[in-house]
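As a plain string of letters, each chain reads:
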Amino acid sequence: MVHELKHAMLATATADDLARQRFLLAFKRELTTRIRPGNRTIFETRVRPALKGRLRARAAEDREAIKQGLLQDPAYQTWSALNRCSQEMMWATVSEPLMRDRERLEAQARSLLESPQRRGELDLPADFPVYEPMLQHHVHLQPRGYAYTASSTDIMAGALYEAGGNLYSMGQGMGGDDSKAGAAIRWLQALRPGFAPRRILDMGCSAGASSVPYALAFPDAEVHAIDVGAAMLRYAAARAEALGARVLFHQMDAGATRFADGCFDLVVSHNLFHEVSDATRNATFRETFRLLAPGGLCLHQDVAIQNAKRTAFEQAERAWDVYFNDEPFWECYADARIGTELVTAGFTAGTVREIDLPKINGPGFWYAAVAERS
Amino acid sequence: MTPLAAARAAIEYSAQPRVHFFADPAVDRVLGITLAVAQEVGQVLERLDTMERLLVEQGALKSGAVQAFVPTPAIAAERLMMQEAFCSRLLRVVEQELVQLRQEQRSAAPAAATAAGSASAVA
């Protein structure tokens, strides 16, 4: 990858691999910063007038009508085709060094996870059900999806997630080089100086990019991290070992975990909610409430794309990812009233806050919902 | 695994359902191929940059010497031919379509001439 933390679980990329990745990063940045803003102009100059010609004035401001109108515009088609193509190319490009190094990385993972000096744990129950939504949808077009597991030694889902994830986020201008956990930890330490949670849970941890910073920032805490894909978790656990962090990884559904009531002082998630359905998100909030000890705190961070603050055009334009980047829950997350949902899950209204979480490498903010268990 | 096998394996592993945005999917296909070429050009640019920097570092080249290089008229002429050959290869599909059109025109011409000849003969 172009920018990332160095550790023993990364594929060896040649100078040519890195050059191809940098090309894609540059290309995606151009698309995002110079071409994509033109979608608004396309809407204002061609799509809206055409919709107004065919529909009543109010219907021309309808999100669904705008989506259809945009897709028929040749300039929007060009942006769409380039955006989709660059995303597909990104995965093919980061897959190449992984394909060359696959066997070495699998062996490396085995040796890290079986080492007598290992710090953490990896808990993969044999009877864990296949998590269908994550197999059907290849989120961000990640090859075969986050939950794909080819064998009992497979690590590809996690390796791809890490290799592609940062490049993708940076290309989107969404701060791939920003530490989401770092932003949350800084904010929590300002809120509660001297905060020393004994047990921390990271829900929907993927490759453990956020789990590791919690383990390093709170060395006396027991950090647990859960997700649904075995190959993803195997990679996450090996990566955490390679970085010298003690994290206990478990294959669990965030909406129905196997932990006891009230056993965590801090429950967090990072960029989880735009990847799960309304039902799973609400189950996760109920589970958060159940798992927190009295006085405990949750912080659920995600991208700041709340539709309540956006025009119909902005909502329609942002929904591109739903259809062409295999992000089926992007729009229902953006529509959600998360503060209200946390209250429905059991939290007292006065303890729930929705905040702009400043990025570490600003400018800009993440969205976060914070609640305390009284 | 050879670089060729890795490239092919990566393409196979990362295959997604094809989507198209233009009325004719061929346009999406051409765009995809063009973008792949652009990515390779980006990689070549970096290689050249690396070569230049290594040569400067090792004292074989003065910094800025590549940009300051002024070709003699003979070299400039050679280069122009090189660029023309490149452009010909680049425009292969357009040119070959014209070649085909001209061949059709030629093979149709004698028949047309014969037809015109017989018509005038009848008249």
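Predicted model, so just to flag it, every value in this text is computed and none were measured.

Asks: Describe the overall build of chain A, with residues and values.
Replies: A count of helices and strands for chain A gives 14 helices and eight strands. Relative to a compact globule of 374 residues, whose C-alpha radius of gyration would be 21 Å, chain A shows 21 Å and is just as compact. Along the first, second and third principal axes, the C-alpha set of chain A runs to 70 × 55 × 40 Å. Carbon together with sulfur atoms contributes 52% to the accessible area of chain A, which is approximately 15,000 Å² in total. Across chain A, 43 positive and 46 negative side-chain charges occur, with their mean positions spaced 4 Å apart.

Asks: Account for the pairing of strand 3 (residues 222-227) of chain A, naming residues and giving values.
Replies: Residues and elements named next belong to chain A. Most of strand 3 sits inside the fold, with five of its six residues counted as buried. The parallel pair strand 2 (residues 199-203) and strand 3, bridged by helix 8 (residues 211-217), forms a crossover whose chirality is right-handed. When strand 3 meets strand 4 (residues 247-251), the two strands line up parallel, connected through five bridges. Directly across from Ile226, in strand 4, lies its bridge partner His250. Following the backbone out of strand 3, through helix 9 (residues 230-242) and into the adjacent parallel strand 4, one traces a crossover that is right-handed.

Asks: Go over helix 2 (residues 25-57) of chain B, please, and point to the residues and values.
Replies: The terminal C-alpha atoms of helix 2 of chain B, which comprises 33 residues, lie 48 Å apart, in line with the 48 Å expected from a rise of 1.5 Å per residue. Residues B:Asp28, B:Leu35, B:Gln39, B:Gly42 and B:Gln43 constitute the buried set of helix 2 of chain B. Buried positions along helix 2 of chain B lie against helix 1 (15-35) and helix 4 (74-114) of chain A. Capping the start of helix 2 of chain B is the job of one residue whose side-chain oxygen sits 2.9 Å from the backbone nitrogen of B:Ala26: B:Asp24. Just past helix 2 of chain B, the residue B:Gly59 takes up positive phi, approximately 80°.

Asks: I'd like to hear about the packing of helix 1 of chain A against helix 2 of chain B, residue by residue, with values.
Replies: The interhelical angle for the contact between helix 1 of chain A and helix 2 of chain B, taken along N-to-C directions, is 120°, at an axis separation of 8 Å. With respect to their mutual orientation, helix 1 of chain A and helix 2 of chain B come out oblique. In terms of crossing hand, the pair formed by helix 1 of chain A and helix 2 of chain B is right-handed. Only B:Leu35, B:Ala38, B:Gln39, B:Glu40, B:Gly42, B:Gln43, B:Glu46 and B:Arg47 of helix 2 of chain B make contact with helix 1 of chain A, whose side of the interface consists of A:Asp16, A:Ala19, A:Arg20, A:Arg22, A:Phe23, A:Leu24 and A:Phe27. Class assignment for the residues of the contact of helix 1 of chain A with helix 2 of chain B results in six nonpolar, three polar and six charged.

Asks: Now, about the environment of A:Asp73: what can you tell me, with residues and values included?
Replies: All names here are of chain A. One can find Asp73 in the loop between helix 3 (63-71) and helix 4. Ignoring sequence-local partners within four residues, the contact set of Asp73 consists of Ile42, Arg46 and Val47. A polar atom in the side chain of Asp73 sits 2.7 Å from the side chain of Arg46.

Asks: So what's going on with a nonpolar patch on the surface? Residues and values would help.
Replies: Residues and elements named next belong to chain B. Side chains of Phe86, Leu90, Leu91, Val93, Val94, Leu98 and Leu101 sit close together on the surface and give an oily, nonpolar patch of about 660 Å² of accessible area. Of all the elements, helix 5 (residues 92-122) adds the most residues to the nonpolar patch, at four residues. Here Leu90 is to be found in helix 4 (residues 73-90).

Asks: Could you give me a rundown of the pattern of salt bridges, with the residues and numbers involved?
Replies: Note that side chains of opposite charge can pair when their charged atoms are close. Applying the stated rule across the entire model yields 30 salt bridges over all chains. Across the pair A:Asp16 and B:Arg47 runs a salt bridge, and its minimum N-O distance is 3.0 Å. Here B:Arg47 lies in helix 2 and A:Asp16 lies in helix 1, a pairing that spans two chains. On the basis of relative accessibility, which here comes to 19%, the residue A:Asp16 falls in the buried class. Between B:Glu12 and A:Arg144 there is a salt bridge whose closest N-O contact spans 3.8 Å. Taken together, the residues B:Glu12 in helix 1 (residues 3-13) and A:Arg144 in the loop between helix 5 (132-136) and helix 6 (156-171) connect one chain to another.

Asks: Could you give an account of the nonpolar core, naming the residues involved and the relevant values?
Replies: Residue and element names in this part refer to chain A. Grouped together as the largest cluster of nonpolar side chains are 125 residues, with contacts concentrated most on Tyr214 and Phe249. With 15 residues, helix 4 is the single largest residue contributor to this core. Discounting residues that sit within four places of it in the chain, Phe249 has contacts with Glu121, Leu122, Asp123, Cys205, Gly208, Ser211, Ala225, Leu233, Ala236, Ala237 and Ala240.

Reading the values: rules and limits
- Residues numbered from 1 in each chain as written.
- Chains lettered and ligands numbered in written order.
- Predicted model: local features only at pLDDT ≥ 70, side-chain atom pairs only at ≥ 80, totals over all residues.
- Heavy atoms only, no water.
- Helix = DSSP H or I, 4+ residues; strand = E, 2+ residues; numbered from the N terminus.
- Rg over C-alpha atoms; globule rule 2.2 N^0.38 Å.
- Areas by Shrake-Rupley, 256 points an atom, 1.4 Å probe, with all protein chains shown as cover.
- Lys, Arg positive; Asp, Glu negative; His and termini not counted.
- Charge placed at Lys NZ, Arg CZ, Asp CG, Glu CD.
- Buried < 20%, exposed > 50% of the residue type's maximum accessible area, 1.4 Å probe, protein only.
- Right-handed = clockwise from strand over helix to strand, strands pointing away.
- Pairing = 2+ DSSP bridges.
- Expected span 1.5 Å × (residues − 1).
- Contact = heavy atoms within 4.5 Å.
- Polar contact = N/O pair within 3.5 Å; in protein donor to acceptor, adjacent residues only side chain to side chain.
- Axes fitted to C-alpha atoms, helices over the stretch in contact; angles between N-to-C directions.
- Parallel < 35°, antiparallel > 145°, perpendicular 65-115°, else oblique.
- Left-handed = near helix turned anticlockwise from the far one by under 90°.
- Nonpolar A, V, L, I, M, F, W, Y, C, P; charged D, E, K, R; others polar.
- Patch = residues over 30% accessible without salt bridge, like charges linked within 9 Å, V, L, I, M, F, W, Y side chains within 5 Å.
- Salt bridge = Lys/Arg side-chain N within 4 Å of Asp/Glu carboxyl O.
- Core = buried A, V, L, I, M, F, W, Y, C linked by side-chain atoms within 4.5 Å.

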